[in-house]
Structure formats: structure tokens, C-alpha cells
Amino acid sequence: MDTREALGSWLDGPKAAAEKMGADFGHRGERLGLPKEGPGSMGGPGRRLGALVVDGWLCSLVAYGLISRGDQGAANLWTTPLFYVVTVLLLATSGTTVGKRLFGLRVVRLDGTRASIPQVLLRTLLLCLIVPAAVWDRDTRGLHDKAVGTVEVRI
């Protein structure tokens, strides 16, 4: 066996190389008991990133226009705290934010029920730190979700 094939191409990554050798990782979310497609299936990284961009942009817009009244420096200081508060309030009450709703996502516990307030508080704090959200497992579930036992699923 060629060792380059066993290690995988740096373009394909180790998962693709393992799949070529016969490993079956299943679909994203299978280990969590989620369906492959449709409602309740794991939200893809593109949807999640799009929702995050929309939510961040809306908070920036509100911070710039309503809180800091056009002062860019003050708006930059207010955007992250505003994002935290808005995200916590919306996730705790409806399980989704404006951006998540636009992209057809919601945050739930692993058993499918609504995330608790402590889960939402910690998840959002970790999301604001960025690094936990940038580290994913093979299901593309962020470290911030793994830490609190939640998952973003499609509506």
C-alpha cells in the first residue's frame, strides 16, 4: 500500500483517504441519532455560517444606528454585547435567531427539546469567543455546541 494514500492527500484530508480505504463514517449527525436529510437533520456549516453573518450584521446595524448614533468606535464596542444579549433572549424563548430562522435552523438539546437557559448562556458566550465555534468534530458540530449538549438542526 502506498503510504501517501494511507495518509491522505493534503487537499482531500484524512477523512477522504479513510473513506477510500473502506471506512464508513455515515452521514453528518448519524452518531447523534439525527436523520440524514429534512427537518431535524444536522444543519450544514454553510447554513450555520450564513445565519451567524446575518445575526452579526443585524447587531452591528442596530449598534451603529440606534445605540451609538453613527459613532463607529462606539458601535464596535457595543456589537458583541448586543449580539450576546439578543442571541440569548431569542434562543431561550424561541430556539432560533433571525439569521437561523432565515436559514431554516434552530438550536435544540441532543434529545430534541429546547435548550435550557444555562445551556443558551454558556453556548452563546463560547460562540462569542470564536475559537470554540471554529473547532468542529466529524459531524461539523462546533465545540460550543458539544460543550453544552446542543446541536443546530434544520427546521
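Everything numeric in this text was worked out from a predicted model, so none of it was measured. (Residues numbered from 1 in each chain as written. Predicted model: local features only at pLDDT ≥ 70, side-chain atom pairs only at ≥ 80, totals over all residues. Heavy atoms only, no water.)

### A short note on the overall build of the chain
What counts here: The secondary structure listing takes helices from DSSP runs of H or I that are at least 4 residues long and strands from runs of E that are at least 2 residues long, numbered from the N terminus. With a 1.4 Å probe rolled over the protein chains alone, any residue whose accessible area is under 20% of its type maximum counts as buried; one over 50% counts as exposed, and the rest are partly exposed. Whether two residues are in contact is decided by their heavy atoms: any pair within 4.5 Å suffices. In these tables, accessible area is a Shrake-Rupley quantity obtained with a 1.4 Å probe, and a residue counts as shielded only by the protein chains included in the view.
Per the secondary structure count, the chain includes eight helices and two strands. The secondary structure elements of the chain, listed N-terminal to C-terminal, are α-α-α-α-α-β-α-α-α-β. Of all 155 residues assigned to the chain, the portion counted as buried reaches 35%. Taking contacts inside the chain between residues at least 6 apart in sequence as the whole, the part at least 24 apart equals 56%. Summing over all exposed atoms, the chain offers an accessible surface of approximately 9200 Å²; the carbon and sulfur share of this is 64%.

### Here we look at the packing of aromatic side chains
For the record, the criterion: Classification of ring pairs uses Phe, Tyr and Trp, with its six-membered ring standing for Trp, and accepts pairs whose centres are within 6.5 Å; under 30 degrees between planes counts as stacked, over 60 as edge-to-face, and the remaining range as tilted. Only when the NZ atom of a Lys or the CZ atom of an Arg is both within 6 Å of the ring centre and within 35 degrees of the ring normal do we say a charge sits over the ring.
For the coordinates displayed, the defined rule picks out zero aromatic pairs. If you follow Arg48 out to its NZ or CZ, it ends over the ring of Trp136, 5.6 Å from the centre.

### Looking at the side chain of Arg123
Position of Arg123 among the secondary structure elements: in helix H6 (residues 117-128). Residue classification places Arg123 among the buried residues on the basis of a relative accessible area of 1%. Among all residues touching Arg123, those that are not within four sequence positions of it are Leu91, Lys100, Val107, His144, Asp145, Val148, Thr150 and Glu152.

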